[in-house]
Amino acid sequence: MASNPSQKCCFEGVYHEGPSTGKYIDLFGVDTYVAGEHLNHDKVLVMFTDYFGNHFNNSLLIADQFAKKGYKVYVPDILFNDAVHPDKVEQLDRVTWLSNHNEQRTKPLVDKYMADLRREINPRFLGVLGYCFGAKYAIQQINETTGNAITAAIAHPSFATIDEVAAIGKKPLLISAAETDPIFPPELRHLSEDKLKEIGARYQIDLFSGVSHGFAVRGDLTNPEVLYAKEKAFYDQVYWFDHLSKQT
């Protein structure tokens, strides 16, 4: 494994206040939040969310931030209208919920969505973002032979396999990791790094001290270390996509 299955930390976090500025549309039959609707399709990002889904304000604010940097961002519902509600985590049967959101169900939805987007919209530059649950599917979308995206940026991944990492070939991958993370612990981080070296991938791995799993989306922003890590991860992603979009 490149990262472990989800644990309790994947269902925890702090709500971020602020108005979102995008809108919801039906895109290829999938409920989708669009940030930067006014922008053309020169530079497009698709964000695959964590368990709180594409109506979770924290994720929407991140999408809006990318739109301010010139990216049209689509955030599809990859949870089948069954996102975890932040106020109902304690009552959630995680085992049952996860079994209802397995790869056999989720991957076909993601694959079709990305294929439709590539065919119907055909942006010049198409990158993917993945956080926690969504990171696995972002990695799959830069598979060297079957992926639809040019590059991926992920943070605190869960459920990703080392075979999925190996299959990216030369497609660039940015990973933002937390110092304290039972899902992506040092041994799996090093395993992933070794595999990326082995295949000659273009990659970057950033490790942030003082933060735990979920920091890039659900961290406590009143904590200066968490705030720094979240913002730095975002700006790393922007710089990553900016650099690669110029080479497309």
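Residues numbered from 1 in each chain as written. Predicted model: local features only at pLDDT ≥ 70, side-chain atom pairs only at ≥ 80, totals over all residues. Heavy atoms only, no water.

1. A short note on the overall build of the chain
- In terms of helices and strands, the chain carries 8 helices and 8 strands.
- Considering only C-alpha atoms, the chain reaches an extent of 40 × 40 × 35 Å along its principal axes.
- When each of the 248 residues of the chain is scored for burial, the buried share is 54%.
- As displayed, the chain offers around 10700 Å² of accessible surface, 51% of which is attributable to carbon and sulfur atoms. (Helix = DSSP H or I, 4+ residues; strand = E, 2+ residues; numbered from the N terminus. Buried < 20%, exposed > 50% of the residue type's maximum accessible area, 1.4 Å probe, protein only. Areas by Shrake-Rupley, 256 points an atom, 1.4 Å probe, with all protein chains shown as cover.)

2. Section: the pairing of strand β2 (residues 30-35)
- β2 sits mainly inside the fold: 5 of its 6 residues count as buried.
- Where strand β1 (residues 23-27) folds back on β2, the antiparallel hairpin that results is connected by 2 residues, among which Phe 28 adopts a positive phi of roughly 55°.
- For β2 and strand β4 (residues 72-76), the ladder comprises 4 bridges, and the chain directions are antiparallel. Counted as the bridge partner of Ala 35 is Val 73 from β4. (Pairing = 2+ DSSP bridges.)

3. Quick look at the pattern of salt bridges
- Summed over the entire model, instances satisfying the criterion amount to 14 salt bridges.
- Ionic pairing is found between Lys 136 and Glu 103, a salt bridge with its closest N-O pair at 3.6 Å. Of this pair, Lys 136 sits in helix α4 (residues 133-140) while Glu 103 sits in helix α3 (residues 103-120), and the two are 33 residues apart along the sequence.
- The structure contains a network of salt bridges with shared partners spanning Lys 112, Asp 116, Arg 119 and Glu 120. (Salt bridge = Lys/Arg side-chain N within 4 Å of Asp/Glu carboxyl O.)

4. Observations concerning the packing of α3 against α4
- One way to put it is that α3 packs onto α4 with a least axis distance of 11 Å and a crossing angle of 55°. By the angle between their axes, α3 is oblique relative to α4. Here α3 and α4 pass one another in a crossing that is right-handed. Between α3, through Glu 103, Thr 106, Lys 107 and Val 110, and α4, the contact on the second element is made entirely by Phe 133, Lys 136, Tyr 137 and Gln 140. (Axes fitted to C-alpha atoms, helices over the stretch in contact; angles between N-to-C directions. Parallel < 35°, antiparallel > 145°, perpendicular 65-115°, else oblique. Left-handed = near helix turned anticlockwise from the far one by under 90°. Contact = heavy atoms within 4.5 Å.)

5. Topic: the packing of aromatic side chains
- Taken as a whole, this structure holds 15 aromatic pairs when the rule is applied.
- Where Phe 28 meets Tyr 113, the ring centres are 5.6 Å apart and the plane angle is 80°; that geometry is what we call edge-to-face. With a gap of 85 residues between them, Phe 28 in the loop between β1 and β2 and Tyr 113 in helix α3 connect regions that are remote in the sequence.
- When its relative accessible area of 26% is taken as the criterion, Phe 28 is described as partly exposed.
- On the basis of an interplanar angle of 55° and a centroid distance of 5.4 Å, the ring pair of Phe 208 and Phe 215 is categorised as tilted. The two residues Phe 208 and Phe 215 agree in class, both being buried.
- One aromatic cluster is present, built from ring pairs that chain together Phe 66, Tyr 71, Phe 125, Phe 234, Tyr 235 and Phe 241.
- Above the plane of the ring of Tyr 71 lies Lys 43, whose end atom (NZ or CZ) is 4.3 Å from the centre. (Phe/Tyr/Trp six-rings, centres within 6.5 Å; stacked < 30°, edge-to-face > 60°. Lys NZ or Arg CZ within 6 Å of the ring centre and 35° of its normal.)

6. Let's talk about the sheet that holds β4
- With mixed pairing, 8 strands are arranged side by side in an open sheet as β1-β2-β4-β3-β5-β6-β7-β8. Two strands in the sheet have a free side with no partner beyond their single neighbour: β1 and β8 (203-212). Neighbour to neighbour, the strand axes of the sheet diverge by 25° on average, direction disregarded.
- Contacts between helix α1 (residues 57-68) and the sheet are confined to β1, β2, β3 (43-48), β4 and β5 (125-131), with β2 contributing the most and set at about 50° to the helix.
- Sheet strands touched by helix α8 (residues 224-245): β3, β5, β6 (151-155), β7 (173-180) and β8. Its angle to β8, the strand with the most contacts, is close to 170°.

7. With respect to the side chain of Gln 237
- In this structure, Gln 237 sits in helix α8.
- Residue contacts for Gln 237: discarding those within four places in its chain leaves Phe 66, Leu 129, Tyr 131, Ala 153 and Leu 174.

8. Considering the state of the cysteines
- Following the criterion strictly, the structure yields 0 disulfides and no others.
- The thiol of Cys 10 is not disulfide-bonded; the next cysteine sulfur, from Cys 132, is found 3.6 Å away.
- For Cys 132, a relative accessible area of 0% gives the class buried. (Disulfide = S-S within 2.5 Å.)

By themselves, these observations are geometric and do not establish any function.
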